Amino acid sequence: MKQITTLLIVFLSNIIIAQENKALIGKWKVIEIFNNDYFYKVENDSIVLSEKMQKLYRNKILQQDYKASIRSDNREVIFEFRNENEFYYFFSEKALFPTFKGTYEIINNLLFLDVTNLANIKIKKEASFYFKDGNLHFTMHLESNNPYNYTLKKL
């Protein structure tokens, strides 16, 4: 009886992971980014800076320059998850080559990325993720351990 229960748990876990994997497959466009420094809603091009960033960039010109860099870094970003656990990150929908490429693995709603950038530097990242209202939401820690919360829409 114990063996049957164990087999059933393993089987159901594999079905759940396979369903998450299938839901992830495709191209995803960033529609929102939130971190400790700013909130950027791509679809209406609105950026709200944190108090910390408003103090750092005190005058309007510096704030506009910072917002321009946020836009240029994030406005057209595409995440692509393919079959066989292949992952690609494109800086733009028009980009011919991915900025990052590699593989991903899903374990208990965590996404483990093993990628290489254009400079051939290997990077390993971990992200938590979930689906809500047809969108993919995930959180990844990037530079200075600042968590980036992404909302992506499937293309």
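Residues numbered from 1 in each chain as written. Predicted model: local features only at pLDDT ≥ 70, side-chain atom pairs only at ≥ 80, totals over all residues. Heavy atoms only, no water.

Enquirer: Can you walk me through the pattern of salt bridges in this structure?
Expert: Opposite charge on two side chains permits them to pair, given that their charged atoms come into close proximity. Under the defined criterion, the tally for this structure stands at 7 salt bridges. With a closest N to O distance of 3.4 Å, Glu 93 and Lys 29 form a salt bridge. Within this pair, whereas Glu 93 is found in the loop between strand E5 (86-90) and strand E6 (100-107), its partner Lys 29 is found in strand E1 (residues 26-34), the two being separated by 64 residues in sequence. Accessibility expressed as a relative area gives 48% for Glu 93, which makes it partly exposed. Judged by relative accessible area, Lys 29 falls into the buried class, the value being 18%. With a closest N to O distance of 3.0 Å, Lys 52 and Asp 37 form a salt bridge. Here Lys 52, found in helix H2 (residues 51-56), pairs with Asp 37, found in the loop between E1 and strand E2 (38-41); they are 15 residues apart in sequence, far enough to count as distant. (Salt bridge = Lys/Arg side-chain N within 4 Å of Asp/Glu carboxyl O. Helix = DSSP H or I, 4+ residues; strand = E, 2+ residues; numbered from the N terminus. Buried < 20%, exposed > 50% of the residue type's maximum accessible area, 1.4 Å probe, protein only.)

Enquirer: I'm lost on helix H3 (residues 60-74) in this one. Help?
Expert: Within an α-helix, residues lying three or four positions from one another point in the same direction, as the helix has 3.6 residues per turn. Spanning 15 residues, H3 covers 21 Å between terminal C-alpha atoms, matching the ideal 21 Å at 1.5 Å per step. Tucked into the core, H3 has its buried residues touching E1, E2, strand E3 (46-49) and H2. (Expected span 1.5 Å × (residues − 1). Contact = heavy atoms within 4.5 Å.)

Enquirer: Got a minute to help me understand unusual backbone geometry in this structure?
Expert: The phi torsion of most residues other than glycine is negative, and most of the peptide bonds are trans. For Asp 45, which is not glycine, the phi torsion reads 55° and is therefore positive. Residue position: Asp 45 is located in the loop between E2 and E3. In this structure, Asn 120 is a non-glycine residue whose phi angle is positive, near 65°. Counting through the fold element by element, Asn 120 comes out in the loop between strand E7 (110-117) and strand E8 (122-132).

Enquirer: It is not clear to me how the packing of aromatic side chains should be interpreted in this structure. Could you clarify?
Expert: The description of two aromatic rings rests on the distance between their centres and on the angle between their planes. Scanning all chains against the criterion turns up 15 aromatic pairs. With 6.4 Å between their ring centres and 75° between their planes, Tyr 38 and Tyr 66 make a pair best called edge-to-face. Of the two residues, Tyr 38 is situated in strand E2 and Tyr 66 in helix H3; the sequence distance between them amounts to 28 residues. Given the relative accessible area of 12%, Tyr 66 is considered buried. Within the aromatic cluster, the residues linked to one another by ring pairs are Phe 79, Phe 81, Phe 87, Tyr 89, Phe 100, Tyr 104, Phe 138, Tyr 148 and Tyr 150. Against the face of Tyr 88 rests Arg 82, its NZ or CZ located 4.0 Å from the ring centre. (Phe/Tyr/Trp six-rings, centres within 6.5 Å; stacked < 30°, edge-to-face > 60°. Lys NZ or Arg CZ within 6 Å of the ring centre and 35° of its normal.)

Enquirer: What is the right way to look at the pairing of strand E10 (residues 147-154) in this model?
Expert: A regular strand places its side chains so that they alternate between the two faces of the sheet. Bridge analysis of E1 against E10 gives 6 bridges, and the strand direction is antiparallel. Across the sheet, the residue bridging to Phe 34 is Asn 149, located in E10. Pairing analysis gives 7 bridges linking strand E9 (residues 135-141) to E10, with the strands arranged antiparallel. If you follow Asn 135 over to E10, its bridge partner there is Lys 153. (Pairing = 2+ DSSP bridges.)

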